[in-house]
Amino acid sequence: MTKQLNRTTLEALHHRADDVLKELVTDDGVYASAQNGWKGPYHSWFGRDGAITAELIGAAVPFGGNCTLAMDALQSLLAFSRFQGSKNNPETGEEIGKMPHEIRTTFDSVDQVQHAARTNAKPWYVDPTDGIMKNWDSVDSTPLWIIAVIRLHDVLQSPLDRYTKECVKAGMDWIVDNMNHNEGFVGFIGADDADGRVYSGLHNQGWKDSEKIYQYEDGSLATHPIKDVLVNAESWAALRLGAEVWKSDDEKYSRKINGVAMLLRHRFNMSRFGFLLPTKDYYAQALDAEGTQLPHIAADVPMSMWAYYRDECVIGQSYLEKVIERTMKSSMLNPAAGIRNYEEGTIFRQKGTHYHGTSSTYWPFVSAFVSRGMLHFGHDDYARQIMNASLSAVHELGSNIELFVCRQDGHVRPWHHPELGQQSAREQAWTAASVYFETLYLLAHR
C-alpha cells in the first residue's frame, strides 16, 4: 500500500523543487541539471528535458503553481527555438524544422561530452560561427516542444504570435516528412548508421538513448530505423494540437495535418505492423526497420496517456483501460518508488542498458507522466498513489534526483554506472518539475 505523505513533507519537497527550477529555468533555455561534475553532467540546454520541464511547470498552474515561473518556462522554450533546424545537413544531423537534442555553450572540451555518451570515434559538432556545440539527435524534442509551447500558452491564456506559429508549423512539417520516410511512423536512424554523417552523435534518439536498449527477445540488437511507442504518441498529440492552432490561419493545412494524425493513430493501434501486441492488452516498446515488434513491457506505454488531445490519446479507447489496469499492478507500480521503467522480471539478454533497461530503476518524471495521464482520463486515485510512491523515494534520497534504484527490500539509492563512474544527476530539471507539479496537486487535494 502506498504511503500518503503529510503536508509538512510535501511542502518541503515543493520548496526544494521550486528553488531548483528557479535556478535552471533561464531566459536562454532550461538547463537539464545543476552544474555539479558527474553529479550534474547535463548542465546545458536539452530539447527533450526543457520541454518536459516547462510543460510540467505549466501543468501546476491550475493547482496554485507560480504563473511567473510558467511564463519564464515558456520564454525558455521560445529562446531554445532559435536553434531549430534551418537546413538539411547530413554531416551534423540537422534537419529543417527539427528541434535539437543538446546545445552546449560551455565545456572544457568536446571529449567530455564524447566520454559521457561513449561516442569517441568521431568529434561532436561545434559550430564554427559561434563556438557552440550543437546536436540534433533527438527524435522527440520536436513533438515535445510543440506540445509544451501550446499547452503553456493555453494555461497562461496567451495567444501564439506569428513567430511561434511558424516554429510549430516547421516542427509539424518535420514530423510529417519523417513519417513519409518511415512507413507512416516517426522513426530514427542512429548517427553512426546515417548516410553522410561526419560528426558523432547518439545511436538511439528517444529518451531511452542507451546504445543497446532496443533488443529482440534473443538479445540481438534491433535494426534501424526504430519507431518508438512514446515518440509516436507524442507526435500524434503534437499534430492534433498544432492543427488546431493553425485552423484559423490555414484551414486546408489544418485538415491535412489532422488527416496525417488520424492515420498515425489508426496504424498505431494495429496488431500487425503497428504497436498493439497480439494479446491486445498492451503495446510494444518499439518497431524495427521491418515493422517487427519489440515486445518488452515498458512504462512508455502508460506514459503515452500524457500526450493527450482533448479526451483522447493515441491509445485506442477500447484498449486504454487494459493498459491502465496493467500499469497499476505491483509488477509495474512499486509503492516505495513509483512506476518501474520496465515490468518486473524483464530481461535484457545483451548488457549495456544500465541506464534504462531494468525493472529496478525509476525515473521520477516517468511517474509524473503516468500520473498526469491518469488524472486526465479520470483515474484520480491511481494518480495519487503513483505520486505518493514516487515522492516518497525522492524525499528519502534528499534531492531532485535524475533516476534511482530500488532494491527488493524497498531501500532506494542513487544509480551509478558500473564502468564509467557516472552517477545520477542530483538536481535534475524534469525531476524538479515533476515534484513541483505533484506536490501542488496533492496539497490542493488533501
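Structure report, in brief. Since we're looking at a predicted model, the values are computed, not measured.

Tallying secondary structure elements over the protein chain gives 13 helices and 13 strands in all. For 446 residues, the compact-globule estimate of 2.2 N^0.38 gives 22 Å, and the C-alpha radius of gyration of the protein chain, at 20 Å, lies within 12% of that figure. Taken across its 446 residues, the protein chain has 63% of its residues classed as buried. Of all intrachain contacts in the protein chain linking residues separated by at least 6 positions in sequence, the fraction that spans at least 24 positions is 70%. Of the roughly 17,100 Å² of accessible surface on the protein chain, 48% is carried by carbon and sulfur atoms. Side-chain charges in the protein chain split into 43 positive and 56 negative, and the spacing between the mean points of these groups amounts to 4 Å.

The first and last C-alpha atoms of helix H12 (residues 380–397) sit 26 Å apart over 18 residues, in line with the 26 Å expected at 1.5 Å per residue. Buried residues of H12: Ala383, Ile386, Met387, Asn388, Ala389, Ser390, Leu391, Ser392, Ala393, Val394 and Leu397, and no others. Just past H12, the residue Gly398 takes up positive phi, approximately 80 degrees.

Turning next to the packing of helix H2 (residues 47–59) against helix H11 (residues 364–376). When two helices pack together, their arrangement is given by the angle between the helix axes and the distance between those axes. Contact geometry for H2 and H11: axes closest at 12 Å, N-to-C directions at 45 degrees. The angle between H2 and H11 places the two elements in the oblique class. In the crossing of H2 with H11, the sense of the turn from one axis to the other is left-handed. Counting all contacts with H2, which are made through Ile52, Glu55, Leu56 and Ala59, the residues of H11 involved are Phe365, Ala368, Phe369 and Arg372.

So, about helix H3 (residues 67–80). Compared with an ideal rise of 1.5 Å per residue, which puts 14 residues at 20 Å, H3 spans 20 Å between its outermost C-alpha atoms and is within 8% of the ideal. When H3 is considered as a whole, its buried residues turn out to be Leu69, Ala70, Ala73, Leu74, Ser76, Leu77, Ala79 and Phe80. The N-cap residue of H3 is Asn66: its side-chain oxygen and the backbone nitrogen of Thr68 are 2.7 Å apart.

Moving on: the packing of helix H1 (residues 7–24) against helix H13 (residues 429–444). Where H1 meets H13, the axes come as close as 8 Å, and the angle between the chain directions of the two elements is 140 degrees. With respect to H13, the element H1 is oriented oblique. In this structure, H1 crosses over H13, and the sense of that crossing is left-handed. Residues Arg7, Leu10, Glu11, Leu13, His14, Ala17, Asp18, Val20, Leu21 and Leu24 of H1 form the contact with H13, whose own contacting residues are Ala429, Ala432, Ala433, Val435, Tyr436, Thr439, Leu440, Leu442 and Leu443. Considering only residue class, the contact of H1 with H13 consists of 14 nonpolar, two polar and three charged.

Turning our attention to the sheet that holds strand S4 (residues 102–104). Taking strand neighbours across the sheet as the criterion, the three strands line up as S3-S4-S5 in an open arrangement whose pairing is antiparallel. Either end of the sheet is taken by a strand with one partner, and the two such strands are strand S3 (45–46) and strand S5 (133–135).

This brings us to the nonpolar core. Core analysis: the largest hydrophobic core is formed by 136 residues, its most contacted members being Ile57, Leu239, Tyr283, Met303, Ile315 and Phe365. For this core, the leading source of residues is helix H7 (residues 229–246), giving 12 residues. Among all residues touching Tyr283, those that are not within four sequence positions of it are Val229, Phe268, Asn269, Phe275, Leu276, Leu277, Val301, Ile315, Gly316, Tyr319 and Val323. The next biggest cluster of nonpolar side chains, apart from the first, holds eight residues, and it includes Ala337, Tyr362, Ile401 and Phe404.

The rules behind these values
- Residues numbered from 1 in each chain as written.
- Predicted model: local features only at pLDDT ≥ 70, side-chain atom pairs only at ≥ 80, totals over all residues.
- Heavy atoms only, no water.
- Helix = DSSP H or I, 4+ residues; strand = E, 2+ residues; numbered from the N terminus.
- Rg over C-alpha atoms; globule rule 2.2 N^0.38 Å.
- Buried < 20%, exposed > 50% of the residue type's maximum accessible area, 1.4 Å probe, protein only.
- Contact = heavy atoms within 4.5 Å.
- Areas by Shrake-Rupley, 256 points an atom, 1.4 Å probe, with all protein chains shown as cover.
- Lys, Arg positive; Asp, Glu negative; His and termini not counted.
- Charge placed at Lys NZ, Arg CZ, Asp CG, Glu CD.
- Expected span 1.5 Å × (residues − 1).
- Axes fitted to C-alpha atoms, helices over the stretch in contact; angles between N-to-C directions.
- Parallel < 35°, antiparallel > 145°, perpendicular 65-115°, else oblique.
- Left-handed = near helix turned anticlockwise from the far one by under 90°.
- Polar contact = N/O pair within 3.5 Å; in protein donor to acceptor, adjacent residues only side chain to side chain.
- Nonpolar A, V, L, I, M, F, W, Y, C, P; charged D, E, K, R; others polar.
- Pairing = 2+ DSSP bridges.
- Core = buried A, V, L, I, M, F, W, Y, C linked by side-chain atoms within 4.5 Å.

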